[in-house]
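As a plain string of letters, each chain reads:
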Amino acid sequence: HILKTLLPGWHPQGENPITGNQWCKVGDKAYEFTGVTTSDMPGFEPVDMPPKFAAEFAYFDGFHEGLAAAMTKDGHWVYVDAKRNVAIDLPKDCSNAQSFNEGLAAVSVGGTPWPPTAWMSPINAWNGAKFGFIDKTGRFVIPPQFRCPQVWKACPDAGSQFLNGLALATDYKNGGIAFGYINRKGKFVVPPIYRAVAEF
């Protein structure tokens, strides 16, 4: 949350894949949040500019817990590490992969492309896709069983990640998507009865 109170011109960049700390870009320089109080900007220290990865992929989510979800230019989803190695090679029927949080990441499989609209992008999960959660070995610890909404991608208001032990999940009711929250065992602890929800 410290990154939400930065000075003008300080742009949060997410997790530095080398150190795991949050970093900001200020012009052509990089500063990392380390908590030190002896630097010119208390809490931040200048660091070498972290490596860039996005140009190598059709979509690159950025690093979370040392791994980044990415879609290759031929449409295949993977997770890469800071050394550009593919750490998790997802199944060919994977239709979306989201960032790790609390050791788990939401991944969708199956489905067919949505009818094209002006706002659709290649990172949306497919129509009929279902998502579950993998661990850092790539194993589904919560099987793909939750229907993906039409807008389901790697962003807090339209995806799913574990925060404080709970994650958004869905059920298909009365011809539409209903939202609730599951625990790390994949069990609903807040029933899927809501039309819209946000992350805890």
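Use the structure listed above.
Remember, predicted model here, so these are calculated numbers, not experimental data. (Residues numbered from 1 in each chain as written. Predicted model: local features only at pLDDT ≥ 70, side-chain atom pairs only at ≥ 80, totals over all residues. Heavy atoms only, no water.)

### Here's the deal with the pairing of strand β11 (residues 130-134)
Move 1: Counting buried residues in β11 gives four out of five residues, a clear majority hidden from the surface.
Move 2: As paired elements, β11 and strand β12 (residues 140-147) share four bridges and run antiparallel to each other. Note on β12: the bridge partner recorded for I134 is F140.
Move 3: The turn linking β11 back onto β12 is made up of five residues, and G138 within it adopts a positive phi angle of 90 degrees. (Buried < 20%, exposed > 50% of the residue type's maximum accessible area, 1.4 Å probe, protein only. Helix = DSSP H or I, 4+ residues; strand = E, 2+ residues; numbered from the N terminus. Pairing = 2+ DSSP bridges.)

### A closer look at the sheet that holds β11
Move 1: Judged by pairing direction, the sheet is antiparallel, and its four strands sit side by side in the order β9-β10-β11-β12 without closing on themselves. Only two strands of the sheet have a single partner each, and these edge strands are β9 (94-101) and β12. The sheet shows a mean angle of 20 degrees between the axes of neighbouring strands, taken without regard to direction.
Move 2: Bridge count for strand β10 (residues 104-109) against β11 is five bridges, and the pairing is antiparallel. Bridging from a neighbouring strand, V107 pairs with G132 of β11. (Axes fitted to C-alpha atoms, helices over the stretch in contact; angles between N-to-C directions.)

### A look at the packing of aromatic side chains
Move 1: Counted under the stated rule, the structure contains nine aromatic pairs.
Move 2: Both rings, one in F131 and one in F133, keep their centres 6.1 Å apart while their planes meet at 75 degrees; by these two values the pair is edge-to-face.
Move 3: We classify F133 as buried; its relative accessible area is 0%.
Move 4: Between F131 and F146 the ring centres are 5.6 Å apart and the planes differ by 45 degrees, which places this aromatic pair in the tilted class. In this pair, F131 is assigned in strand β11 and F146 in strand β12, connecting sequence segments 15 residues apart.
Move 5: Clustering of aromatic rings is evident, with ring pairs tying together F131, F133, F146, F162 and F188.
Move 6: A cation over a ring is seen here: R147 above Y172, with NZ or CZ 4.3 Å from the ring centre.
Move 7: Between R184 and the ring centre of F162, over which it is positioned, the NZ or CZ distance is 5.8 Å. (Phe/Tyr/Trp six-rings, centres within 6.5 Å; stacked < 30°, edge-to-face > 60°. Lys NZ or Arg CZ within 6 Å of the ring centre and 35° of its normal.)

### Description of the sheet that holds strand β15 (residues 188-194)
Move 1: If you walk across this open sheet you meet the three strands as β13-β14-β15, and the pairing is antiparallel. What marks the edges here is a single partner per strand, and that holds for β13 (167-173) and β15. Taken pair by pair, the neighbouring strands of this sheet meet at an average axis angle of 30 degrees, ignoring direction.
Move 2: Bridge count for strand β14 (residues 176-182) against β15 is three bridges, and the pairing is antiparallel.

### What to know about unusual backbone geometry
Move 1: One non-glycine residue, E65, adopts positive backbone phi at about 55 degrees.
Move 2: Inspection of the secondary structure assignment puts E65 in the loop between β5 (59-64) and β6 (67-71).
Move 3: Positive phi, normally seen in glycine, also occurs at E102, with a value near 55 degrees.
Move 4: Along the chain, the position of E102 falls in the loop between β9 and β10.

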